[in-house]
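So the chains spell out like this:
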Amino acid sequence: MVTTVMPTYGRIDIAFDRGEGSYLYATDGRRFLDFASGIATNSLGHAHPHLVKMVQEQAAKLWHVSNLYHIPEQQRLADRLCENSFANTVFFCNSGAEAMEGALKVARKYHFANGEPKRERVIACSRAFHGRTLATLSAGDSDKYREGFGPRPGGFEHVPFGNLNELRAAMGDDVAAIVIEPVQGEGGIFPADYHYLHGLRAAADEFGALLVFDEVQCGMGRTGKLWAYEWAGVAPDVMALAKGLGGGFPVGAVLATEKAASGMVPGTHGSTYGGNPMACAAANAVLDVMLADGFLDQVIARGEYLHSALAAVGARHPGLFEEIRGKGLMVGLKGHAANTEIWTRLRDHGLLVVGAGDNAVRLLPPLTVSESEIDEAMAAIEAVAGELEAAA
Ligand SMILES: *Cc1c(COP(=O)(O)O)cnc(C)c1O
């Protein structure tokens, strides 16, 4: 059957017409607890009053002007992202893949502008996901996603995630950048070891390459710090953001040090929509909430509550999880049963989660999730554990 929506997704037969906080309401009247958050995107839940207000006010004033002009909302957002990160400069775009494309362009152009045009190689990691454009598919490590879309943009290589020796063996004076997700998302939720991240920083410096972090999924408070790299105390030269940045409004960003962005002079890159007043009103509203005193501390506390609640469920049902991993409110559950079976059963109990690589199920609740909502999610997981045990 030909569908007017190109069938690139195998869609679940539910449609929602309303969301409030951590809950989604389906057109058939059912209510779901949303621990997928539009894939780590609705960082403040659904219909957060402050976001609604700020976006409504902006919508009544001005939507879009293009980057031919100064955009005060964009300037303010860039200032705030820089004040609260390693970066000195920001390029705005509309999605994670576009942010990673921009990050790769910044890195290669840096070397070109500094008299090393042959520095083009990019070293990425096994299991990595960086988006669905041609270049970000090359940076990612999924043959399945690349199949049929050749020829591939060249200059990308993969080394095993977490293995510093293999990374160092791949380095050389032709490497433009090392690219990594500090917490791998789509690959199955694998936090990078802090020593490993320090080792990547040292290798990048030693070989004159740039270090690029893809925090599209793990950034914007998801792990309990604004940036996942803060846990390790290792700053990159370039970082890609999207997902949680707009709280559900499409916006992406490439953050860089002044030095790393030294090749990005007028005319080198662009995006018609990137950082328009609407997107920046949404992202500034997200930052208003996330930068308020105590917000990220609460995310850390809720993350700890979630991890210990999951450990308790795992202890009561030893056959359920092979592994519980992650950081803050970015959790991967590797079950013994197929992840498809686990998430389908969870949905039947009113809990929405999202799948990932390595047969994992991802829990990505809104950062505003309450303890009682976590308890409710645990009850659903416990019920599924009981069903799986009864079926075994
Ligand atoms: C989702 C994701 C992307 C791609 O983001 P899109 O907005 O879908 O283009 C890139 N990198 C990481 C780590 C992601 O999780």
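Quick caveat: nothing in here was measured; it's all calculated off a predicted structure.

Residues in close proximity to the ligand include S95, G96, A97, F129, H130, G131, E181, E186, D214, V216, Q217 and K243, which together make up its full environment. Between the ligand and F129 there is a distance of 3.4 Å, counted from a nitrogen atom to a backbone nitrogen or oxygen. One nitrogen or oxygen atom from the side chain of D214 is found 2.7 Å from a nitrogen atom belonging to the ligand. Isolated, the ligand exposes 380 Å² of accessible area, and the fraction of that covered by the protein chains is 82%. For the shell around the ligand, the class distribution of residues is three nonpolar, five polar and four charged.

Before going further, it helps to examine the packing of helix α3 (residues 72-83) against helix α10 (residues 277-290). To describe two helices that pack against each other, one gives the angle between their axes and the distance between the axes. Two elements in contact, α3 and α10, have axes separated by 8 Å at closest approach and are oriented at 35°. When the axes of α3 and α10 are compared, the crossing they make is left-handed. Of the residues in α10, those in contact with E73, Q74, R76, L77, R80 and L81 of α3 are P277, C280, A283, N284, L287 and D288. When grouped by side-chain class, the residues that make up the contact of α3 with α10 number six nonpolar, two polar and four charged.

A word on the pattern of salt bridges. Throughout the structure, instances matching the rule amount to 23 salt bridges. The partner of D237 in a salt bridge is R201, with the nearest N and O atoms 2.9 Å apart. Here R201 lies in helix α8 (residues 194-207) and D237 lies in the loop between α9 (229-232) and β11 (238-241), a separation of 36 residues in the sequence. Pair check on accessibility: D237 and R201 agree, each one buried.

What follows deals with the sheet that holds strand β16 (residues 354-356). The strands making up a sheet associate through hydrogen bonds between their backbones, and the pairing can be parallel or antiparallel. Read from one edge of the open sheet, four strands run β13-β14-β17-β16, paired in antiparallel fashion. Strand pairing shows two members of the sheet lacking a second neighbour, β13 (321-327) and β16, which therefore form its edges. The mean inter-strand angle of the sheet, taken between neighbouring strand axes irrespective of direction, is 30°. Inspection of the sheet shows strand β14 (residues 330-335) paired to strand β17 (residues 360-363) by four bridges, in the antiparallel sense. Following the sheet pairing, G332 is matched in β17 by R362.

Let us now look at the domain arrangement of the chain. By the assigned domains, the chain splits into domain 1 (16-48 + 293-391) and domain 2 (50-290). Just the C-alpha atoms count here: the centres of domain 1 and domain 2 sit 27 Å apart. Taken together, the contacts link 30 residues of domain 1 with 30 residues of domain 2. Carbon and sulfur atoms make up 64% of the surface buried where domain 1 meets domain 2, a total of about 2500 Å² over both sides. Between domain 1 and domain 2 we count one salt bridge in total. A salt bridge links E186 to R362; its shortest N-O distance comes to 3.0 Å. At the boundary of domain 1 with domain 2, the tally comes to 14 residue pairs in polar contact (both at pLDDT 80 or more). Residue assignment for the side of domain 1 that touches domain 2 shows that the elements contributing at least two residues are α1 (37-40), α11 (295-316), β13, β14 and β17.

Across the interface, helix α2 (residues 49-61) lies against α10 with an axial gap of 9 Å and an inter-helix angle of 155°. The angle between the axes of α2 and α10 places the two elements in the roughly antiparallel class. Pair α2 / α10 crosses with right-handed handedness. Contacts between α2 and α10 involve H50, L51, M54, V55, Q58 and A59 from the former and P277, M278, A281, A282, A285, V286, D288 and V289 from the latter. Of the residues that constitute the contact of α2 with α10, the class distribution is 11 nonpolar, two polar and one charged.

Another point: the nonpolar core. Within soluble globular proteins, side chains that are nonpolar generally end up buried alongside one another. Ranked by internal contacts, the top residues of the largest apolar core, which has 83 residues, are L81 and I381. Mapping this core onto the domain boundaries places at least three of its residues in each of domain 1 (16-48 + 293-391) and domain 2 (50-290). I381 has contacts with L310, V313, L320, F321, L333, L346, L351 and L363, leaving out every residue within four places of it along the chain. Core analysis: the second largest hydrophobic core is formed by 23 residues, A99, A177, V216 and A242 among them.

What follows deals with the layout of surface pockets. The computed volume of the second largest pocket comes to approximately 700 Å³. Q74, T89, V90, F91 and F92 are, among the 24 residues lining the second largest pocket, the residues nearest its centre. Mapped onto the lining of the second largest pocket, the elements with two or more residues apiece are α3, β4 (89-93), α4 (96-113) and β12 (252-256). No other element matches the four residues that β4 contributes to the lining of the second largest pocket. Counted by class, the lining of the second largest pocket contains 13 nonpolar, 11 polar and no charged residues.

Definitions and limits used
- Residues numbered from 1 in each chain as written.
- Predicted model: local features only at pLDDT ≥ 70, side-chain atom pairs only at ≥ 80, totals over all residues.
- Heavy atoms only, no water.
- Near = heavy atom within 4 Å.
- Polar contact = N/O pair within 3.5 Å; in protein donor to acceptor, adjacent residues only side chain to side chain.
- Areas by Shrake-Rupley, 256 points an atom, 1.4 Å probe, with all protein chains shown as cover.
- Nonpolar A, V, L, I, M, F, W, Y, C, P; charged D, E, K, R; others polar.
- Axes fitted to C-alpha atoms, helices over the stretch in contact; angles between N-to-C directions.
- Helix = DSSP H or I, 4+ residues; strand = E, 2+ residues; numbered from the N terminus.
- Left-handed = near helix turned anticlockwise from the far one by under 90°.
- Contact = heavy atoms within 4.5 Å.
- Salt bridge = Lys/Arg side-chain N within 4 Å of Asp/Glu carboxyl O.
- Buried < 20%, exposed > 50% of the residue type's maximum accessible area, 1.4 Å probe, protein only.
- Pairing = 2+ DSSP bridges.
- Domains from an automatic or database assignment.
- Buried area = accessible area lost by both parts, 1.4 Å probe.
- Parallel < 35°, antiparallel > 145°, perpendicular 65-115°, else oblique.
- Core = buried A, V, L, I, M, F, W, Y, C linked by side-chain atoms within 4.5 Å.
- 1 Å grid on protein atoms, 1.4 Å probe; cavity = no way out; pocket = protein on both sides within 12 Å on 5 of 7 lines; lining within 4 Å.
- Points joined across faces, edges and corners; volume = space filled by probe spheres on them.

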